[in-house]
There are 2 protein chains.
Amino acid sequence: MKIYVIGIGPGNQEYMTPQARSAIEKSDVVVGYTLYVELVRELTEGKEVKSTAMKQEVDRCRMALESALEGKTVAFVCSGDAGVYGMAGVMAEVAEDHPEVEIEVVPGITAACSGAAVLGAPLIHDFAVISLSDLLTPWELIEKRLSLAAEADFVICLYNPKSKKRHDYIDKAAEIISRSRSWDTPCGYVKNIGRDEEKGVVCTLKELAGNDDIDMFTTVFIGNSSTKMINGKMVTPRGYRNIR
Amino acid sequence: MKIYVIGIGPGNQEYMTPQARSAIEKSDVVVGYTLYVELVRELTEGKEVKSTAMKQEVDRCRMALESALEGKTVAFVCSGDAGVYGMAGVMAEVAEDHPEVEIEVVPGITAACSGAAVLGAPLIHDFAVISLSDLLTPWELIEKRLSLAAEADFVICLYNPKSKKRHDYIDKAAEIISRSRSWDTPCGYVKNIGRDEEKGVVCTLKELAGNDDIDMFTTVFIGNSSTKMINGKMVTPRGYRNIR
């Protein structure tokens with residue numbers, strides 16, 4: 001009666017930890033969004049596989065719980081880290097009435113970390129992670145968080161910056177941040193992290209607004225007041241002295 | 001002429017990605033703080049090893065740069081993620097005058113993610129990561145970030161919550177956060193993540209203040225206004241409806 005909620009990292013198995021691999025291997029059933037189950041297919045041979053389309057998060061958790069209650073060990077796979085906008089939370093909520101089911105979260109590399117590595121070193125100092133998706137969060141709260149994070153001079157990492165219905169949210173976010181940060185602030189974004197089509201772009205805050213290249217598979221990074229460009233990379237200094 | 005700045009994750013090799021392992025294997029020289037080099041010793045056989053004591057971060061970067069300039073491939077190992085309070089930033093700064101040296105950052109599991117997994121799912125929604133170390137950051141800025149992050153209702157993850165010289169900083173942080181959040185807010189902390197002595201504790205904001213168990217090897221998590229305890233785990237809801 002155990003559910004592993006597993007972060008498999010961004011796409012490529014090069015990012016998946018031995019702990020994640022081992023948890024899948026120990027399981028009888030693999031549950032997840034179709035695309036993520038596909039990414040670990042070589043590990044699912046001989047196992048029962050239950051996958052669902054996008055946006056059926058609660059259903060996936062129920063499927064995982066059902067299998068666990070039948071006495072099976074379940075691997076519930078998520079992209080990135082299962083604990084950052086991942087399924088670890090809703091899984092615990094769905095299983096609340098079944099404390100006999102053990103839930104173990106297996107961490108993975110989240111897009112903040114894998115994306116930062118592509119751009120250089122933007123997250124070296126204090127940072128805030130904000131999702132621009134208002135499917136489950138009121139937009140007013142997202143605006144408030146953007147505004148206060150900018151005022152606090154956090155480096156800011158944005159998940160879900162855009163979708164078909166929310167094509168101008170990144171523009172609004174850039175505008176809010178510009179109230180306490182220069183339009184020339186070094187920024188960057190990474191598309192399709194850990195996949196063949198991975199692409200990292202460095203730019204300014206001004207260039208984030210109205211940017212048509214950013215899509216729902218993009219993670220966006222906004223520097224703090226010290227972030228600078230060094231040899232084409234986005235770097236936030238930690239503050240060491242006597243470097244040169 | 002290449003330096004891999006590698007996050008090896010928290011202690012145990014179970015958390016180290018195949019990408020990190022492969023980067024070490026491809027290198028001629030391994031550079032790092034003595035303890036971290038020790039953690040990957042089985043991978044360093046036959047390689048040149050250069051390690052230094054703590055607090056010699058800039059020296060370590062210079063050693064890595066020197067070897068790279070001699071034409072060697074260098075693995076510069078860091079705990080957790082090289083890009084979160086890690087060496088990826090200062091390495092880029094030290095090598096600024098040598099654009100011919102390629103620096104590739106290899107991401108790892110940072111303590112925010114590995115610690116969150118131990119406690120349950122605290123980081124499921126927007127969060128801020130703040131270091132309480134004032135060695136390189138003015139305390140006033142740290143206070144400002146704590147205050148604004150609390151006001152924005154971010155889940156807050158604290159790195160470096162304490163040291164011998166800074167034994168009451170976690171108390172001050174709890175007090176600042178309590179100005180916009182209940183003293184009963186679900187919180188937690190994890191010591192020695194990924195090591196044999198790993199220990200996760202859930203508590204309230206009140207219980208963080210004056211807590212003698214928290215030390216410099218601890219990562220602290222402070223819930224937002226929605227965070228709750230479910231079956232002994234710290235869980236921040238994302239906001240899905242119709243869960244039950």
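Above this note sits the structure.
Residues numbered from 1 in each chain as written. Chains lettered and ligands numbered in written order. Predicted model: local features only at pLDDT ≥ 70, side-chain atom pairs only at ≥ 80, totals over all residues. Heavy atoms only, no water.

Engineer: Explain helix H1 (residues 18-25) of chain B to me, please; I cannot follow it from the model alone.
Structural biologist: The α-helix winds at 3.6 residues per turn, so residues separated by three or four positions along the chain end up facing the same way. All names here are of chain B. Listed in full, the buried residues belonging to H1 are Gln-19, Ala-20, Ala-23 and Ile-24. Down the axis of H1, the sector holding all buried residues measures 135°, keeping them to one side. On the buried face of H1, the contacting elements are strand E1 (2-7), strand E2 (29-33), strand E4 (73-78) and strand E5 (102-106). (Buried < 20%, exposed > 50% of the residue type's maximum accessible area, 1.4 Å probe, protein only. Helix = DSSP H or I, 4+ residues; strand = E, 2+ residues; numbered from the N terminus. Arc of directions from axis to C-beta. Contact = heavy atoms within 4.5 Å.)

Engineer: Looking at this structure, how should I read the sheet that holds E5 of chain B?
Structural biologist: Sheets are built from strands that pair by backbone hydrogen bonding, the pairs being arranged parallel or antiparallel. All names here are of chain B. Ordered by their spatial adjacency, five strands build an open sheet running E3-E2-E4-E1-E5, and the pairing between neighbours is parallel. Strands at the two margins of the open sheet, each flanked by one partner only, are strand E3 (48-52) and E5. For this sheet the average axis-to-axis angle between neighbouring strands, irrespective of direction, equals 20°. Looking at chain direction, E1 and E5 are connected through five bridges and run parallel. Within the sheet, the bridge partner assigned to Ile-6 lies in E5 and is Val-106. Packed onto the sheet, H1 meets E1, E2, E4 and E5 and runs at close to 145° relative to E1. (Pairing = 2+ DSSP bridges. Axes fitted to C-alpha atoms, helices over the stretch in contact; angles between N-to-C directions.)

Engineer: How should I be thinking about the side chain of Thr-236 of chain B in this particular structure?
Structural biologist: All names here are of chain B. Along the polypeptide, Thr-236 turns up in the segment after strand E13 (233-235). Within the structure, the side chain of Thr-236 is placed 2.6 Å from the backbone oxygen of Pro-122, a separation counted as a polar contact. Of the polar contacts made by the side chain of Thr-236, one reaches the side chain of Thr-227; its length is 2.9 Å. What Thr-236 contacts, discounting residues up to four positions off in sequence, is Ala-121, Pro-122, Ile-124, His-125, Val-155, Asn-224 and Thr-227. (Polar contact = N/O pair within 3.5 Å; in protein donor to acceptor, adjacent residues only side chain to side chain.)

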